[in-house]
Amino acid sequence: MQYEEIIREIARKNSQVSQYQFCCYRANLDSDNLDSDNFEYLFPEKTFRVHRDDIRLGFVADLRARHLPSNEHVIGLTSLVLIDGNEFHLDMADFCCEKSEEGLEDVRRTLTSLRMRRGFVMDSGNSYHYLGANFRSKSEFLQLMGRLSDYSCIGPNWPHYQQLKEFSVLRITPCFKFGKKIPQLVERFDDPQLYFLFTE
C-alpha cells in the first residue's frame, strides 16, 4: 500500500477537509536522513493545493506530470489542510531509527507517548514515516514539532525545519536517480491504550 491509497482513504473518511497541500522539492542522497550536521535542507520550490474531490485513483501520477521539473525532484505531502476555510495540520513524523523490529517498537512507543492516536507507519527507505489521520491547530502543530526534538529516534534537524516552514512534509513519490523508492505501508497504528488512560 502506497501513499496515494492512504491519502485517498484519509480524504474519504474526512469529508470536512476541503483541500490538501502538496509541494515539489529537489531530492538528494540524504534528503530522507536529516540527522547529519552536514545536511543542507532543501525547502519546497513550490506548494499547491488539491481539492478532496480530485484525490482519486492516479492523482499522484498527475501531480508528478504537472509539477516535477526534473528527475531530481519529488512530490511531498504537507501537513497543511483546509477545514471550513481554516488551516489545520495532519500529524507527521520522520524517523531516523533502524528498520528493524526494535526500531519499529521505538516508533510505536514514540507515537504512544506523543498521543498520536491513529495513522500509518511507512517504510521511507532509510527509516520510517508516520502520517496521522487526526488534525491539529497551527499552535498545536508547532508544539508537537517542539516535542519531537526530544526523541532520539526522530532526526534532530527534521522538527526544526518543519517549524521554520510552519508545515511539515513527507516524501510520497520516488526519486530513482538517488535510489529513493516509493514509500510503502508497514502497519496501521491505532493504540487502544490511548483511549483507556484513566482505566484502573
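Below is a short write-up of the structure. Please read these numbers as outputs of a predicted model, since none were measured by experiment.

**Observations concerning the pattern of salt bridges**
Taken as a whole, this structure holds 13 salt bridges when the rule is applied. When the shortest N-O distance is used, the salt bridge between Asp-53 and Arg-52 registers 3.9 Å. Using a relative accessible area of 53% as the deciding quantity, one classes Asp-53 as exposed. A relative accessible area of 22% places Arg-52 in the partly exposed class. Between Glu-166 and Lys-138 there is a salt bridge, with its nearest N and O atoms 3.0 Å apart. Linking Glu-166 in the loop between α5 (158–165) and β7 (169–171) with Lys-138 in helix α4 (residues 138–148), this pair joins segments that are 28 residues apart in sequence. Connected through shared salt-bridge partners, Glu-101, Glu-105, Arg-108 and Glu-187 make up one network.

**Here's the deal with the packing of helix α1 (residues 3–13) against helix α2 (residues 59–67)**
At their nearest, the axes of α1 and α2 sit 9 Å apart, and the two run at 115° to each other. Between α1 and α2, the angle falls in the class roughly perpendicular. Within the contact between the two elements, α1 uses Glu-4, Ile-7 and Arg-8 and α2 uses Phe-59, Val-60 and Ala-61. For the contact of α1 with α2, the per-class residue count stands at four nonpolar, no polar and two charged.

**Regarding the packing of aromatic side chains**
Scanning the entire structure with this criterion turns up four aromatic pairs. Geometrically, the ring pair formed by Phe-22 and Phe-59 is edge-to-face, given 5.8 Å between the ring centres and 70° between the ring planes. Taken together, the positions of Phe-22 in strand β1 (residues 17–26) and Phe-59 in helix α2 put the pair 37 residues apart, joining distant regions of the chain. With respect to class, Phe-22 is no different from Phe-59; both count as buried. Note on Tyr-130 and Phe-189: the rings are 6.4 Å apart at their centroids and 85° apart in plane angle, and the pair reads as edge-to-face. Residue Tyr-130 is located in strand β6 (residues 128–136), and its partner Phe-189 is located in strand β8 (residues 184–190); the two are separated by 59 residues in the primary sequence. Residue class for Tyr-130 comes out buried when judged on its relative accessible area of 0%. Take Phe-189: its relative accessible area is 7%, and that puts it in the buried class.

**Concerning α2**
Along α2, the residues that are buried comprise Phe-59, Val-60, Leu-63 and His-67. Buried residues of α2 fall within an arc of 100° about the axis and therefore sit on the same side. The inward-facing, buried residues of α2 contact α1, β1, β2 (46–51) and β3 (73–83).

Reading the values: the criteria
Residues numbered from 1 in each chain as written. Predicted model: local features only at pLDDT ≥ 70, side-chain atom pairs only at ≥ 80, totals over all residues. Heavy atoms only, no water. Salt bridge = Lys/Arg side-chain N within 4 Å of Asp/Glu carboxyl O. Buried < 20%, exposed > 50% of the residue type's maximum accessible area, 1.4 Å probe, protein only. Helix = DSSP H or I, 4+ residues; strand = E, 2+ residues; numbered from the N terminus. Axes fitted to C-alpha atoms, helices over the stretch in contact; angles between N-to-C directions. Parallel < 35°, antiparallel > 145°, perpendicular 65-115°, else oblique. Contact = heavy atoms within 4.5 Å. Nonpolar A, V, L, I, M, F, W, Y, C, P; charged D, E, K, R; others polar. Phe/Tyr/Trp six-rings, centres within 6.5 Å; stacked < 30°, edge-to-face > 60°. Arc of directions from axis to C-beta.

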